[in-house]
Amino acid sequence: MKGVEVNVQRVSRSYGDFKALDDVSVTIKKGEFFSLLGPSGCGKTTLLRIIAGFDFPDSGSVEFDSKNILPLPPDKRQSNTVFQTYALFPHLTVYENIAFPLRLRHVDKETIDKKVLEYVRLVQLEDHIYKKPSMLSGGQKQRVAIARALINEPSVLLLDEPLSALDAKLRQNLLIELDQIHDKVGITFIYVTHDQSEALSVSDRIAVMNKGKVLQIGTPYEIYEAPSTRFVAQFIGETNSFPCTILSCEPYEEEYLMRVQVPALNGEVSVTDYKAQPVGTQMDFTVRPEKVRISSNPPRSTVKELNTFKGIVEEPVYSGFQSKFYVKLDNESSTLVKVFKQHTAFLEDGPDIEWKDTVYVSWTASDGYLVKDTAR
Amino acid sequence: MNYHKYSSKSGFSFSYVMLALVIVFLFIPLFVVVFFSFNSARGMQWDHASLIWYKRLIFESPSLWSAFRNSLIIALTSSVTATVLGSLAAIGIKWYRFHGRSYITTVSYLPMVLPEVIIGISMLIFFSAVKVRLGMFTIFAAHTTFNLPFVFMMVSARLDEFDYSTVEAARDLGANERQTLTKVIIPTIIPAVLSGFLMCITMSLEDFVITFFVSGPGSGTLPLYVYSMIRYGVSPVINALSFVMILGTMVIAFIFRKFLKTVAASS
Ligand SMILES: Nc1ncnc2c1ncn2[C@@H]1O[C@H](COP(=O)(O)OP(=O)(O)OP(=O)(O)O)[C@@H](O)[C@H]1O
Ligand SMILES: [Mg+2]
């Protein structure tokens, strides 16, 4: 595996009183496609700029393969950056832009020609090499930026929201291409984005950030299925999330089965977790909308791990491959529960559910989860 | 750069009429001057074609040529100084944060908007107050002063479009600071710098009012000399001089355009 391990330890960076990065530690493995995910202003770019050498931490260390790189200027680091604004040189053609790093090193003409063509082919820009950046579309500019950053054969490629200026369809395509490029060159990618679906679809691992702190690091599956805080649960995908109190806790297969009191649902809910929680703890109960079943009749099974609530469809939203329902519970709470229903087969469930229908929403204990009740 | 070509079906439209009128108003006076420069008679009566005024201009007007030499020297020196200072000022004000930055920006536009008479008088008062003898140096200083804001403005406008992340990109891709300056920053802003320089040359060559106040004995520039000639009656030598200057300006403008294009295309 090419690439280096990037080790960021206890990095902090303040602008005046404002902490843009607050004690951030992440270790990115060799050759990994690693995403930094978080809302706007959470410090992703700041962290990337520190790794690239455009900014310096107030404290903490950054190492490539256990070698401290903080004293090195950007041109001496084994990292290259794909900028959010592309940062192509406007006075140079596509070819000259991509050849720029090689010409700086006075590589001979033939080698330059060979390498530039190789990378032009990698990003599929063969037809545009003599154009100026101003004549390129957004997606093409992005490809030039990627080729230019890769041609030095860096050990780490830093990408700062490289696709954010493009339309949704193109973004999907380029993302897949980017993943294929990653497979081909095999170096470490650090990918900054605020788009959770981008991060989930291509990353090996993700660090979720908010307000200058790293909240959770894990694989897309772990982040989605086992978010560690309320912020992570709500930021990644959609979810129903309510404060709750633990009433009881007992071992259940390899995990623990807990009964929790949820005031927002005006009732009790069963939920499993791999970690036992002491009775009386305040936490957040969360269940993803696609895990909730919606039906016109009460579910037949009545095992105690099944949570069922009765309600009225307040707002059905048809969106092609699925429908979203906002179900108002039939009790004093009047809480809205979000439910996504996939359209697998036509009329699979008999007559479709409509506005103001009385319905039952249900989910099993293992589909819900508990997260720490922190404001972050 | 303009990618759109407007085509109109009727060859005779409002915009064409306006275009024709503008051209006529702009160029008829020039034609008149050129036409009479080849007239053998002194007055506005056509006699017969002759090159006598050109002969006079070239061989019998030593003081005109010395004024012209003064003009050239001042135009070149003041333009180079103003271009260097103005460009550096624009870069400094754009990329560095310091106290009084916006104040300097505002003040630097003043010479451009103040009436020339006021600048001229204030310079005259200033030079006599600090006891500098009026002459070539004072003209040079005055021209540099009124040229500077134009360069500053043009380079600033270019820098506003300049994406600073290209500087970071260059550093990131392995360029040291000097290479970043010569391979990225200068090539991107050079068209604006050159345009500013050319503008300085033109403005310096043609300035009358300010120069009038700050010139001393023997340091008169061409516009001052022409003015003094006219006071003793319009000499057709001026017509001849005008034609020579029109030709010269056209050649310079043409070369410069070519040059700008190659700079923009290849650098
Ligand atoms: N040079 C600076 N001076 C002052 N504050 C800054 C500076 N650079 C960044 N910040 C602040 O630091 C915080 C983090 O900025 P950063 O650019 O890292 O955010 P981000 O996560 O990349 O956001 P986005 O997704 O919008 O790009 C922001 O609140 C920003 O206002
Ligand atoms: Mg950012």
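Quick caveat, the model's predicted, so the values are computed rather than measured. (Residues numbered from 1 in each chain as written. Chains lettered and ligands numbered in written order. Predicted model: local features only at pLDDT ≥ 70, side-chain atom pairs only at ≥ 80, totals over all residues. Heavy atoms only, no water.)

**Let's talk about the overall build of chain B**
A count of helical and extended segments in chain B gives twelve helices and zero strands. For chain B, the α and β elements follow one another from N to C terminus as α-α-α-α-α-α-α-α-α-α-α-α. Principal-axis analysis of the C-alpha atoms places the extent of chain B at approximately 70 × 65 × 30 Å. A separation threshold of at least 6 residues defines the contact pool for chain B, and within that pool the share at least 24 residues apart is 71%. Entry remark: accessible area of chain B is about 16,200 Å², with carbon and sulfur atoms responsible for 73%. (Helix = DSSP H or I, 4+ residues; strand = E, 2+ residues; numbered from the N terminus. Contact = heavy atoms within 4.5 Å. Areas by Shrake-Rupley, 256 points an atom, 1.4 Å probe, with all protein chains shown as cover.)

**Quick notes on the overall build of chain A**
Across its full length, chain A carries eight helices and 20 strands. Across the 376 residues in chain A, those meeting the buried criterion constitute 52%. When contacts within chain A are restricted to residue pairs at least 6 apart in sequence, long-range pairs at least 24 apart make up 65% of them. When the accessible surface of chain A is split by element, carbon and sulfur atoms take 50% of a total near 17,500 Å². Of the side chains in chain A, 44 bear a positive and 50 a negative charge, and the two mean positions are spaced by 6 Å. (Buried < 20%, exposed > 50% of the residue type's maximum accessible area, 1.4 Å probe, protein only. Lys, Arg positive; Asp, Glu negative; His and termini not counted. Charge placed at Lys NZ, Arg CZ, Asp CG, Glu CD.)

**Thoughts on the interface of chain A and chain B**
Contact with chain A, which involves 25 residues of that partner, is made by 21 residues of chain B. Taken together, both faces of the contact between chain A and chain B bury some 1,900 Å²; the carbon and sulfur share is 56%. Along the contact surface separating chain A from chain B lie two salt bridges. Here chain A and chain B share eight residue pairs in polar contact (both at pLDDT 80 or more) between them. Looking at the side of chain A that touches chain B, the elements that each hand over two or more residues are α1 (44-52), β6 (79-82), α2 (94-104) and α4 (138-150) of chain A. (Buried area = accessible area lost by both parts, 1.4 Å probe. Salt bridge = Lys/Arg side-chain N within 4 Å of Asp/Glu carboxyl O. Polar contact = N/O pair within 3.5 Å; in protein donor to acceptor, adjacent residues only side chain to side chain.)

**Examining the environment of B:Thr221**
Residue and element names in this part refer to chain B. Examined against the element boundaries, Thr 221 turns out to sit in the loop between α10 (209-214) and α11 (222-231). Placed 201 residues apart in sequence, Thr 221 and Ala 20 show a C-alpha to C-alpha distance of 35 Å. Residue contacts for Thr 221: discarding those within four places in its chain leaves Ala 67, Ser 71, Ile 74, Ile 139, Asp 207 and Thr 211.

**A look at the pattern of salt bridges**
Pairing between side chains becomes possible if they bear opposite charge and their charged atoms approach one another. Residues and elements named next belong to chain A. Enumeration according to the criterion identifies 24 salt bridges over all chains in this entry. Across the pair Asp 58 and Arg 13 runs a salt bridge, and its minimum N-O distance is 3.7 Å. One end of the pair, Asp 58, is in the loop between α1 and β4 (59-64); the other, Arg 13, is in strand β1 (residues 6-15), with 45 residues separating them in the sequence. For Arg 13, a relative accessible area of 16% translates into the label buried. Here Asp 22 makes a salt bridge to Lys 213, at a shortest N to O gap of 3.0 Å. Note that Asp 22 is positioned in strand β2 (residues 18-28) and Lys 213 in strand β10 (residues 213-218), a separation of 191 residues in sequence. Its relative accessible area of 17% is what places Asp 22 among the buried residues. Look at the salt bridges and you will find they share partners, linking Arg 13, Asp 55 and Asp 58 into a network.

**Details of the pairing of strand β13 (residues 267-273) of chain A**
In terms of burial, β13(A) is largely enclosed, as six of its seven residues are buried. Between the antiparallel neighbours strand β12 (residues 255-262) of chain A and β13(A) lie four residues, among them A:Asn266 with a positive phi of about 55°. (Pairing = 2+ DSSP bridges.)

**Let's talk about the domain arrangement of chain A**
Residue and element names in this part refer to chain A. What the domain assignment lists for chain A is domain 1 (6-234) and domain 2 (238-371). For domain 1 versus domain 2, the separation of C-alpha centres amounts to 39 Å. Facing the nine residues of domain 1 at the interface are nine residues of domain 2. Across the domain 1 to domain 2 interface the summed buried area is about 800 Å²; carbon plus sulfur atoms make up 45%. Looking at the side of domain 1 facing domain 2, the largest losses of area belong to Tyr 224, Arg 230 and Ala 233, adding up to 56% of the total buried there. (Domains from an automatic or database assignment.)

**Brief notes about the domain arrangement of chain B**
Residue and element names in this part refer to chain B. What the domain assignment lists for chain B is domain 1 (3-52) and domain 2 (61-266). Here domain 1 and domain 2 have C-alpha centroids that lie 30 Å from each other. Taken together, the contact between domain 1 and domain 2 spans eight residues of the former and seven residues of the latter. Between domain 1 and domain 2 the total buried area reaches about 630 Å² when both faces are included, carbon and sulfur atoms providing 73% of it. Sorting the residues of domain 1 by area buried against domain 2 places Val 33, Ser 37 and Arg 42 first, and these three jointly supply 55% of that buried surface.

**Quick look at the nonpolar core**
Core analysis: the largest hydrophobic core is formed by 52 residues, its most contacted members being A:Val6, A:Ile51, A:Phe100 and A:Ile190. Core analysis: the second largest hydrophobic core is formed by 38 residues, A:Ile98, A:Val120, A:Leu125 and A:Ala147 among them. (Core = buried A, V, L, I, M, F, W, Y, C linked by side-chain atoms within 4.5 Å.)

**Topic: the sheet that holds strand β11 (residues 240-252) of chain A**
All names here are of chain A. Reading across the sheet, the five strands line up as β13-β12-β11-β14-β20 and stay open at both edges, with antiparallel pairing between neighbours. Edge positions in the open sheet fall to β13 and β20 (368-372), since each of these has one partner strand only. Strand-to-strand twist across the sheet, computed as the mean angle between neighbouring axes with direction ignored, equals 45°. Relative to β20, strand β14 (residues 282-287) runs antiparallel, the two being bridged by five bridges. Following the sheet pairing, Met 283 is matched in β20 by Lys 372. (Axes fitted to C-alpha atoms, helices over the stretch in contact; angles between N-to-C directions.)

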